[in-house]
Each structure stands twice: as structure tokens, then as C-alpha cells.
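# Geometric and topological summary
Next come the chains, spelled out residue by residue.
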Amino acid sequence: MMIWTDEVLEMLAEDAEQAINVDLACIYHRFMFTITAGTSVYTLPDKVRSIERITIKGQKVWPCNWEDLQLLTPGTVFVNSGTKIETSQSRSLFYALHPTNIHDIRFYPTPNENFTNVGDPYSPDTGDKCIISCMRNVDSSDAISSLPAYIDRRTRKAYILWRAFFKEGKGQNLKGAAYYKKKYEFLVSQFRKINEGAFISKRYCLDDGELAIERGNYPKPTLPPNFERVNYR
Amino acid sequence: MTRTDLEHRLRLFFENNVYYSTDDFVNSIQDGYDESIAFSGAIVKATTIPFTAGVSYYDMLTLIPDYIGVHSIFNSVTKRWMIPTSIRKLDQNRNDWETAAGTPEYFVPINHRYVVIYRKPIVPAYGNMYVFYRASAPTLGASTDILIPEDYTACLEDYCIADLLEQQQEFTKAGIHLSTYIEDLEQIRVWIQNQRIPDFQPNLRG
């Protein structure tokens, strides 16, 4: 006897993907971004969940917050593509989130060159490119943007069954819902550990930030494996 | 212990041992094996990956299908271990480090898929790196050895019991075995990663 209709299960499968997006920001993605000379504000694609790094012509563009950007650029404003005052145009050194849209970012100084989105972002060079590294949404239709096989199916299954047993009506079973909720949370926590702890030969430590293994004998307290990797909760 | 041995133990646990089919047991054991190996890191392998001219970011999961996470990397050209570091340190060193050409000496794991190297070779056929990595579980045959230490195979057994009971909506019983499985899995992970050399005493010096 069928408990849930295909429509319900498909809805829950979609919900599972959204829940995994929220609980596991782990799909690293890089893409070439189109830049137009004279425009400082751009809307990032919806798939971008958090920006990890931006480079222009191979040089890092440094992140800053909106308040600092206002102080840096007292004579510049962008309301929309028709209403804007773009002063100081050159190679961008900073970027910040922009209040016109949740996906908007603003470059400062305003880019003075056009960049296309053609090329391989994983083999960066000093050419005329803007490359954005980010954590993106899970996309099951693309193998590179999916969760790995050892976690994907079981995590989705646990979420779908948790919500299905929790649903009002035929088949409701709160004990079952609690069981699958626990299982889902366990799987998510374990996958976070894989992202944080798979790199077992690395010890994050407080030091001078130089690329040296050893510099004297001063104490270096060992920090948790997620130090410097704040995406994972 | 092989898959057949574990199936036999499971049949002994379930008093009516014809209630579940062989396929039920096989699927459950494979699922549990996949999960416990992925989460405990019980299998570490090494393989050879060629450096690719101009490439900074390596998609390890595509290059090594059973890849879970990097353990360490050896540059076979310079005959030196590559040094693990972080993106922030590379940024502090030079802000265009992604484009820097030269001898690969450092690497940074990005996530479960990508590893970035610094610096990158730009000559074709530069050479190889030997990658030591945590691997996912292989598909078990009937007589394939299960690569979990004998003392901890109860972990896999608990997974299977929970998995088979939940299929019959026996959630209270399944919940008990799931909790035991979770505790056992943590014990394996801690043993594998931290407790195999009690002789070694970590300290606060570099």
C-alpha cells in the first residue's frame, strides 16, 4: 500500500536539496565573471552562497564592509544602471556587498576594463579576467556540483523520510520522524567532519602567517581543525 | 571478516533468519561499509597524479574516483614532500599566488573535491605528484575482507541491524542500534586518527 504520493515525495526531495544547501555549504566553485568598464555594481548568480575569493588579472581583490567602502568612496554612488556616479576608475582593489540586492557586490575603484567570462577558472593566469571563487548550491544535475556518492543518497533519504513521517495525515509517525531526523543530523555532522578533518596531516596554529614550517620555538597552541575555515558550523 | 561472515552473524541476530533476503543483507552491509569507511577514514591509499601545466586547482574527486580527503603529497620531481598550508597564508605571501609559476612546494585542500598547489609548473610533462589520500569503500564481494579492524566490526553490525529494523518501521529498536553505531563509529575514528601511537606526546611547540 502506498503511503505517500509521488507528488509529496518529489516536493520533499526538492526540500531535501534546499536543506542540504543550508546545512552544508561545501560545494566549491570558481567561475569567470563578466565585467563592464565604468560599472561598479554587479549581481552575482543565484547559485553563489558565499564568496571565498575574487581575483582580477590574477591579483586578489580584498573584501571590505559597506561602511568602510562609504568612507573610501565618499563621491561615488550606484542606485541603478541609469542613476550612478562612478568616480575613480582603475583596477579594482576592494569589493563589498551592496545594499541594492542580496546578490549585489560592488567593486572599488570602478573597473576601467572589460572582462569576458571565457576561460578555465581553475588554471588562472594574469590575463584580463575576473575570477570568483565561492561556495555554491548543490546541483544534482551537474556531477561537479553534487555531493559525493558516499553521502548523497543516504542524506537525502534520511531527510525525505524525516519530513514524510512528520507530515500530517496518512503515514504520520512521530517516532519515525524523530529517528530519521537524528539520522539526517548525524550524516550532516559527519560530512562536515570530512570537510574539516579529512586533512589530517595539517595542524592549524597561531603563527606569523609566513610560509615557513618552523620559526623559533615559541608556543603555537593547536587550534580546532576548522580554524580559518569559518563556513562550516 | 568477510561479507559472508557478517551476513551469518546478522542471520543469527534475527531469530527468524529467513525474514530478510540475502539482497537485503548485502545492500545493508554495503551501505554501512560505505558510510563507516567514509566517516572513520579507515582506508588510506596512495596514487600517482601528473602535474598539469598551468593548473592550480586539481579536481581530486574526478582524478581519483574513490577520493575522500588528502593526507599528504610528495613531489616526485624535487623528491620533497609538499607542505600543507592555508589560503590566507598564501594571500599574505603574495596576492597573485594563483598565477605564480614555478616548483610546486605547497598545497591547500579546499574541500572534499579540490586541492590547490603553489606554485604551479608551466612546462608540459613536468612530472608527477604522489598523493596519499583517504579512500572510500570498495564494493564488497562475498569473500572480500572488510577493512575495518576486527575489534570494531560490531559497528558495522549495528548499522545493518538499525538499517534492517527501520525498514520494518521498528523505530524504537532501530534507534537503540543507531545510537550504538554512532558511538562505535566515533571510537574507530578516534582510534585511527589519535590513538595508534600513544608513545607520541603532542606539545605546544611548533
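Residues numbered from 1 in each chain as written. Chains lettered and ligands numbered in written order. Predicted model: local features only at pLDDT ≥ 70, side-chain atom pairs only at ≥ 80, totals over all residues. Heavy atoms only, no water.

Attention shifts here to the overall build of chain A. Regarding its fold elements, chain A presents four helices and nine strands. Going residue by residue from the N terminus, the α and β elements of chain A occur as α-β-β-β-β-α-β-β-β-β-β-α-α. Burial status across chain A gives 46% buried among its 233 residues. Only carbon and sulfur atoms are counted for the fraction: they give 56% of the accessible area of chain A, which is about 11,600 Å². (Helix = DSSP H or I, 4+ residues; strand = E, 2+ residues; numbered from the N terminus. Buried < 20%, exposed > 50% of the residue type's maximum accessible area, 1.4 Å probe, protein only. Areas by Shrake-Rupley, 256 points an atom, 1.4 Å probe, with all protein chains shown as cover.)

Residue and element names in this part refer to chain A. A grouping of Val-77, Val-79 and Ile-85 is seen on the molecular surface, where their side chains present a nonpolar patch of about 240 Å² in accessible area. For Ile-85, the position within the fold is in strand E6 (residues 84-85). Residue Ile-85 is classed as partly exposed on the basis of its relative accessible area, which comes to 48%. (Patch = residues over 30% accessible without salt bridge, like charges linked within 9 Å, V, L, I, M, F, W, Y side chains within 5 Å. Salt bridge = Lys/Arg side-chain N within 4 Å of Asp/Glu carboxyl O.)

Below, the discussion takes up unusual backbone geometry. The residue after Tyr108(A), namely Pro109(A), is reached through a cis peptide bond having omega -10 degrees. Structurally, the position occupied by Pro109(A) is in the loop between strand E8 (104-108) and strand E9 (130-136). For the bond running from Tyr118(B) to Arg119(B), omega is -10 degrees, close enough to zero to count as cis. Structurally, the position occupied by Arg119(B) is in the loop between strand E7 (114-118) and strand E8 (128-135).

Moving on, we come to the side chain of Asn173(A). The residue Asn173(A) is located in the loop between helix H3 (149-166) and helix H4 (174-197) in this model. Discounting chain neighbours no more than four positions away, the residues touching Asn173(A) are Phe165(A), Gln169(B) and Phe171(B). (Contact = heavy atoms within 4.5 Å.)

Let's shift gears to empty space enclosed by the protein. Within the structure shown, the criterion is met by three cavities of 30 Å³ or more. Its volume calculated, the second largest cavity comes out at about 60 Å³. Lining the second largest cavity are Arg154(A), Lys157(A), Ala158(A), Tyr180(A), Lys183(A), Asp31(B), Tyr159(B), Asp163(B) and Glu166(B). Looking at the lining of the second largest cavity, the elements that each hand over two or more residues are H3 and H4 of chain A together with helix H5 (153-167) of chain B. (1 Å grid on protein atoms, 1.4 Å probe; cavity = no way out; pocket = protein on both sides within 12 Å on 5 of 7 lines; lining within 4 Å. Points joined across faces, edges and corners; volume = space filled by probe spheres on them.)

With 64 residues of chain B in contact, the opposing surface of chain A contributes 62 residues. Counting each side, the surface lost to burial between chain B and chain A is near 5,500 Å², with a carbon and sulfur contribution of 56%. Considering only the side of chain B, the residues that lose the most area to chain A are Phe39(B), His112(B) and Phe171(B), jointly responsible for 12% of the buried surface there. Our enumeration of links across chain B and chain A arrives at eight salt bridges. In this structure, the connection of chain B to chain A is made through 22 residue pairs in polar contact (both at pLDDT 80 or more). (Buried area = accessible area lost by both parts, 1.4 Å probe. Polar contact = N/O pair within 3.5 Å; in protein donor to acceptor, adjacent residues only side chain to side chain.)

Residue and element names in this part refer to chain B. For helix H2 (residues 22-40), built from 19 residues, the straight-helix expectation of 27 Å at 1.5 Å per residue is met to within 8% by its first-to-last C-alpha distance of 26 Å. Buried residues dominate H2, accounting for 15 of its 19 residues. Gly-41 sits one or two positions beyond H2 and adopts a positive phi of about 75 degrees. (Expected span 1.5 Å × (residues − 1).)

The full count for this structure, using the stated rule, is 33 aromatic pairs over all chains. Centre to centre, the rings of Tyr150(A) and Phe191(A) are 6.3 Å apart; their planes meet at 55 degrees, and the pair counts as tilted. Note that Tyr150(A) is positioned in helix H3 and Phe191(A) in helix H4, a separation of 41 residues in sequence. Tyr150(A) sits in the buried class, given a relative accessible area of 9%. Site record: aromatic cluster; members linked through ring pairs are Trp4(A), Phe165(A), Tyr179(A), Tyr180(A) and Phe171(B). A cation over a ring is seen here: Arg163(A) above Trp162(A), with NZ or CZ 4.8 Å from the ring centre. Above the plane of the ring of Tyr118(B) lies Arg119(B), whose end atom (NZ or CZ) is 5.3 Å from the centre. (Phe/Tyr/Trp six-rings, centres within 6.5 Å; stacked < 30°, edge-to-face > 60°. Lys NZ or Arg CZ within 6 Å of the ring centre and 35° of its normal.)

In an α-helix there are 3.6 residues to a turn, and that puts residues three or four apart on one side. Between its first and last C-alpha atoms helix H6 (residues 171-194) of chain B spans 34 Å; for 24 residues at 1.5 Å apiece the expected length is 34 Å, and the two agree. Among the residues of H6(B), Phe171(B), Ala174(B), Gly175(B), His177(B), Leu178(B), Tyr181(B), Asp184(B), Leu185(B), Ile188(B), Arg189(B) and Ile192(B) are the ones counted as buried.

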